[in-house]
Amino acid sequence: MSLVLDSAAQDLLFREARTANSFSDEPVTEEQVQAIYDLVKFGPTAFNQTPLRITLVRSPEARERLVKHMAEGNAAKTATAPLVAILSADNEFHEELPQLLPHFPQAKDMFFAERPVREQSALLNAALQAAYFIVGVRAAGLAAGPMTGADFSGIQKEFLDADHTPLMVVNIGKPGEDAAFPRSPRLAFDEVVTTV
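The model shown is predicted, which means the values in this text are computed figures rather than measured ones.

J.: Just to check I follow, could you spell out unusual backbone geometry for this structure?
T.: For residues that are not glycine, phi is negative in most cases, and the peptide bond is trans in most cases. Within the chain, Asn-48 stands out as a residue other than glycine whose phi angle is a positive 55°. Tracing the backbone shows Asn-48 in the loop between α2 (30–40) and β1 (52–57). Asn-48 gets classed as partly exposed once you look at its relative accessible area, which sits at 37%. Phi angles above zero are rare outside glycine, and Asp-178 is one such case at about 50°. Relative to the elements of secondary structure, Asp-178 occurs in the loop between β4 (164–173) and α9 (189–192).

J.: Please explain the pattern of salt bridges as it appears in this structure.
T.: Opposite charge on two side chains permits pairing when their charged atoms draw close. Within this structure, the stated rule accounts for 13 salt bridges. In this structure, Lys-41 and Asp-38 form a salt bridge, with 3.6 Å as the shortest nitrogen-oxygen distance. Residue Asp-38 is classed as partly exposed on the basis of its relative accessible area, which comes to 30%. Residue Glu-61 pairs with Arg-65 through a salt bridge whose shortest N-O separation is 3.2 Å. Here Glu-61 and its partner Arg-65 are both found in helix α3 (residues 60–67), four residues apart, which amounts to about one turn of the helix. With relative accessibility at 47%, the residue Glu-61 sits in the partly exposed group. Arg-65 sits in the partly exposed class, given a relative accessible area of 23%. One continuous salt-bridge network, built from bridges that share partners, spans Glu-92, Arg-115, Arg-118, Glu-119 and Asp-163.

J.: What is the right way to look at the packing of aromatic side chains in this model?
T.: Aromatic ring pairs are described here by two measures, namely the spacing of the ring centres and the angle between the planes. Here the structure, examined in full by the defined rule, presents six aromatic pairs. Of the aromatic side chains, those joined through ring pairs into one cluster are Phe-47, Phe-93, Phe-104, Phe-111 and Phe-112. Directly above the aromatic system of Phe-159 lies the positively charged group of Arg-65, at a separation of 4.6 Å from the ring centroid.

J.: Would you mind going over the packing of helix α1 (residues 7–15) against helix α7 (residues 115–139) with me for this structure?
T.: When two helices pack together, their arrangement is given by the angle between their axes and by how far apart the axes lie. At a closest axis distance of 9 Å, the pairing of α1 and α7 adopts a crossing angle of 130°. Taken together, α1 and α7 sit at an angle that is classed as oblique. For the crossing formed where α1 meets α7, the hand is right-handed. Along the contact surface, α1 presents Leu-12, Leu-13 and Phe-14, while α7 presents Val-135, Arg-138 and Ala-139. For the contact of α1 with α7, the per-class residue count stands at five nonpolar, no polar and one charged.

J.: I would appreciate a short explanation of the sheet that holds strand β2 (residues 83–90) in the present structure.
T.: Strand pairing in a sheet relies on backbone hydrogen bonds, with the paired strands running either antiparallel or parallel. With antiparallel pairing, four strands are arranged side by side in an open sheet as β1-β2-β4-β3. Two strands bound the open sheet, and with one partner strand each, they are β1 and β3 (143–147). Sheet twist, expressed as the mean angle between neighbouring strand axes with direction ignored, is 30°. Along the sheet, α3 makes contact with β1, β2 and β4, crossing β2 at roughly 65°.

J.: Can you help me understand helix α8 (residues 152–159) in this one?
T.: For the α-helix, the turn length of 3.6 residues means that residues three or four positions removed from each other point alike. Turning to α8, its buried residues number three or more, namely Phe-152, Gly-154, Ile-155 and Phe-159. When α8 is viewed along its axis, its buried side chains cluster within an angular range of 150° and face the same direction. Where the residues of α8 are buried, they touch α3, β2, β3 and β4.

The rules behind the values
- Residues numbered from 1 in each chain as written.
- Predicted model: local features only at pLDDT ≥ 70, side-chain atom pairs only at ≥ 80, totals over all residues.
- Heavy atoms only, no water.
- Helix = DSSP H or I, 4+ residues; strand = E, 2+ residues; numbered from the N terminus.
- Buried < 20%, exposed > 50% of the residue type's maximum accessible area, 1.4 Å probe, protein only.
- Salt bridge = Lys/Arg side-chain N within 4 Å of Asp/Glu carboxyl O.
- Phe/Tyr/Trp six-rings, centres within 6.5 Å; stacked < 30°, edge-to-face > 60°.
- Lys NZ or Arg CZ within 6 Å of the ring centre and 35° of its normal.
- Axes fitted to C-alpha atoms, helices over the stretch in contact; angles between N-to-C directions.
- Parallel < 35°, antiparallel > 145°, perpendicular 65-115°, else oblique.
- Left-handed = near helix turned anticlockwise from the far one by under 90°.
- Contact = heavy atoms within 4.5 Å.
- Nonpolar A, V, L, I, M, F, W, Y, C, P; charged D, E, K, R; others polar.
- Pairing = 2+ DSSP bridges.
- Arc of directions from axis to C-beta.

Read these as layout, nothing more, since geometry by itself doesn't imply function.
Written out as structure tokens, the structure is:
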């Protein structure tokens, strides 16, 4: 193997990791979520921007409010997952750039003064961070069930504000019985990679 990461870690993060559709009732702790974030916050983004926002849905009342916005096939698993996170992009992320990019504080106004530019950048970089978050959940020995089948305008009104664009809902926990569907095929290297 050409990878430095050992085979067991590769399996945990990628080869054996699966999207979970059912979960055990073992809770996901604040400490676990903190450890996940403290790991994945180091993933690269453009200008070191950090537009990802994570809304943890823990209370039964908030869970009920979320489930009503989920697509039919996602509602039951969202209702029963130990923890659910709404991942969104903060379109006002540029306000933090002087802190996050101290060697280039003028980037805030030079590149991100206009809202459409910020929205596009926030969407791309928060999506990158969402992918890191899913891998971080796996690194914690948990399974993630990321979903985009939902009424996101309803979720935005219910949980966020006009400055935050919802990206996905992620169910998190230890997988339950028959948690994953059979592995679907993936494209081969030669189907994806071109050398010029």
